[in-house]
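In case you want the letters, here they are:
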Amino acid sequence: MDSEGRSPLAAACAAADAWVGVAGPRTVLLASPRSWCAGVERAVEVVERLLEEPGRRGRPLFVRKQIVHNTHVVRGLERRGVVFVEELDEVPEGATVVFSAHGVSPAVREEARGRGLEAVDATCPLVTKVHAEARRFSARGDTVVLIGHDGHEEVEGTLGEAPEHSVLVQSPSDVRDVEVPDPDRVTYLTQTTLAADETAEAVDALRARFPRLKEPPSDDICYATTNRQNALEAIVPGAGLVLVIGSANSSNSLRLVERTRRAGTAAHLIGDATGIRPGWLAGVATVALTAGASAPQALVDEVIRALSGLGPVTVQEHSTAVENVRFAPPKEVRTP
Ligand code: SF4
């Protein structure tokens with residue numbers, strides 16, 4: 001019996017009926033840019049290059065945390081022998097460990113050194129930039145207010161650059177509780193994958209409390225996050241439903257869903273095509289489709305194929321920006 005008291009056969013028939021009920025022609029508005037950004041490409045490439053190093057054959061390769069926040073990418077690398085760990089004490093002394101695209105705090109680097117690990121850093125250069133800002137601004141005597149999400153690995157890493165001089169703010173309402181030693185010496189930074197509109201509200205609240213608030217020299221929200229938000233925003237008005245492909249811990253994917261819902265359109269985060277629920281598609285002739293910066297394009301193709309199984313699909317791709325950003329891999333994996 002399933003949760004509704006139906007036998008397996010009855011449940012399967014009901015599911016089939018539900019899918020038949022949403023069959024019909026459909027248009028898919030495909031956002032561009034979407035899927036992998038330069039930081040994700042670089043991080044995955046680091047792991048793949050290490051896996052392919054001839055001298056490494058047979059030796060396990062460890063990655064601290066998920067290399068990027070996508071379960072398909074992680075499982076694919078696991079199948080190739082990569083061992084993902086939560087903390088460095090799970091890595092045997094002398095082994096190679098890769099730091100994920102989200103970055104690590106100096107304390108983690110120090111721990112790796114202390115344990116004699118060969119650390120290869122796959123932190124996205126745009127996250128590294130925010131770390132450098134946190135060091136610079138705290139060194140000049142400012143309190144660094146980091147706008148971001150508690151518990152996210154990127155936030156943990158950035159706060160770790162100057163833990164004594166940093167404060168985390170998650171929303172505009174947090175701002176009233178911020179305590180700083182000198183209200184004239186406050187700089188804000190942000191997580192790279194936030195929603196631009198929500199961040200602006202938090203910055204406004206900070207500026208109202210600290211009129212001499214300083215900002216980072218350039219936006220910390222990265223080009224990939226901004227481009228994916230703008231690309232989706234451009235197609236949402238024509239769609240009855242928005243599907244965002246991404247894992248549940250992917251910050252930039254979650255922001256795409258939240259922003260769309262705030263604008264009043266139904267939006268769902270799906271890990272892959274199996275996440276689509278038939279009820280979402282009832283009466284929907286136009287679906288807007290995108291994928292977060294850590295979700296591979298193959299998952300987008302799979303979703304389009306799944307929708308095509310319900311009737312003819314016309315795909316219209318709308319491009320709002322061309323991305324040609326590439327980041328060089330770290331020196332440890334560069335081909336001589
Ligand atoms: Fe780097 Fe932005 Fe991609 Fe994160 S989303 S890996 S910060 S480019």
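A short tour of the structure in this document, coming up. Here, residues in each chain are numbered from 1, in the same order as that chain's written sequence. A pLDDT threshold of at least 70 governs which residues receive local features in this predicted model, and a stricter bar of 80 or more applies before side-chain atom pairs are shown or counted, although totals over entire chains, interfaces and linings include all residues. The side-chain numbers reported here are obtained from all heavy atoms of the structure, hydrogens and water having been left aside.

## Some thoughts on the sheet that holds strand S7 (residues 166-169)
In spatial order, the strands read S7-S6-S8; together these three strands make up an open sheet with parallel pairing. Each edge of the open sheet is held by one strand with a lone partner, namely S7 and strand S8 (186-190). Put simply, the sheet's adjacent strands are angled 25° from each other on average, direction ignored. Sitting on the sheet, helix H7 (residues 196-209) touches strand S6 (143-147) and S8, and the angle it makes with S6 is about 150°. By this definition, two strands are paired if DSSP reports at least two bridges between them. Secondary structure elements are defined from DSSP: runs of H or I of at least 4 residues count as helices, runs of E of at least 2 residues count as strands, and each element is numbered from the N terminus. Note on geometry: axes are lines fitted to C-alpha atoms, helical ones only across the stretch in contact, with angles between N-to-C directions running from 0 to 180 degrees. Residue contacts follow a heavy-atom distance rule, with two residues in contact if any of their heavy atoms lie within 4.5 Å.

## Some remarks on the pattern of salt bridges
A carboxyl oxygen of Asp or Glu within 4 Å of a side-chain nitrogen of Lys or Arg is what we treat as a salt bridge. The full count for this structure, using the stated rule, is 26 salt bridges. Of the charged contacts, one joins Lys214 and Asp142 as a salt bridge, the two residues approaching to 3.2 Å between their closest N and O atoms. Of this pair, Lys214 sits in the loop between H7 and helix H8 (223-235) while Asp142 sits in the loop between helix H5 (125-139) and S6, placing them 72 residues apart in sequence. A 1.4 Å probe rolled over the protein chains alone gives each residue an accessible area, and that area as a share of the maximum for its type sets the label: buried under 20%, exposed over 50%, partly exposed in between. By relative accessible area, which is 1% here, Asp142 ends up buried. Close ionic contact of Arg259 with Asp197 constitutes a salt bridge, the shortest N to O distance being 3.6 Å. In this pair, Arg259 sits in helix H9 (residues 251-262) while Asp197 sits in helix H7, placing the two residues 62 residues apart along the sequence. Members of the salt-bridge network, linked through shared partners, are Asp197, Glu198, Glu233, Arg259 and Arg262.

## Here we look at the site of the ligand
For this description, a residue counts as near a given molecule or strand if any of its non-hydrogen atoms is within 4 Å of it. The local shell around the ligand consists of Cys37, Gly39, Val40, Cys124, Leu126, Thr192, Thr193, Cys222, Tyr223 and Ala293. Buriedness for pockets is judged along seven lines, at least five of which must meet protein on both sides within 12 Å for an open set on the 1 Å grid over protein atoms alone, while cavities are sets there where a 1.4 Å probe fits but cannot get out, and lining residues have an atom within 4 Å of a point. More than half of a molecule's atoms within 2 Å of the grid points is what it takes for that molecule to sit in a cavity or pocket. Judged by the proximity of its atoms to the pocket grid, the ligand belongs to the largest cavity. Ten residue types, Ala, Val, Leu, Ile, Met, Phe, Trp, Tyr, Cys and Pro, are classed as nonpolar, four, Asp, Glu, Lys and Arg, as charged, and the remainder, Gly among them, as polar. Classifying every residue of the shell around the ligand by side-chain character gives seven nonpolar, three polar and no charged.

## With respect to the side chain of Ser35
For Ser35, the position within the fold is in the loop between strand S1 (26-32) and helix H2 (38-52). Classification of Ser35 by relative accessible area gives buried; the value is 4%. Apart from the residues within four sequence positions on either side, Ser35 is in contact with Arg228, Ala291, Gly292, Ala293, Ala295, Pro296, Gln297 and Val300.

## Side note on the packing of H7 against H9
How two helices sit against one another is set out by the angle between their axes and by the gap between those axes. Axis separation between H7 and H9 bottoms out at 9 Å; the angle between their running directions is 85°. In terms of their interaxial angle, H7 and H9 are classed as roughly perpendicular. Contacts between H7 and H9 pair Ala196, Asp197 and Glu198 from the former with Glu258, Arg259 and Arg262 from the latter. Orientation labels follow simple angle bins: below 35 degrees gives roughly parallel, above 145 gives roughly antiparallel, 65 to 115 gives roughly perpendicular, and whatever is left gives oblique.

## Digging into the sheet that holds strand S3 (residues 82-85)
The pairing of strands in a sheet comes from backbone hydrogen bonds and takes either a parallel or an antiparallel form. Taking strand neighbours across the sheet as the criterion, the four strands line up as S3-S2-S4-S5 in an open arrangement whose pairing is parallel. Of all the strands in the sheet, the pair left with one neighbour each is S3 and strand S5 (118-121). Adjacent strand axes in the sheet meet at a mean angle of 30° when their direction is disregarded. In terms of strand pairing, strand S4 (residues 96-99) meets S5 through four bridges, oriented parallel. Within S5, the residue paired with Thr96 across the bridge is Glu118.

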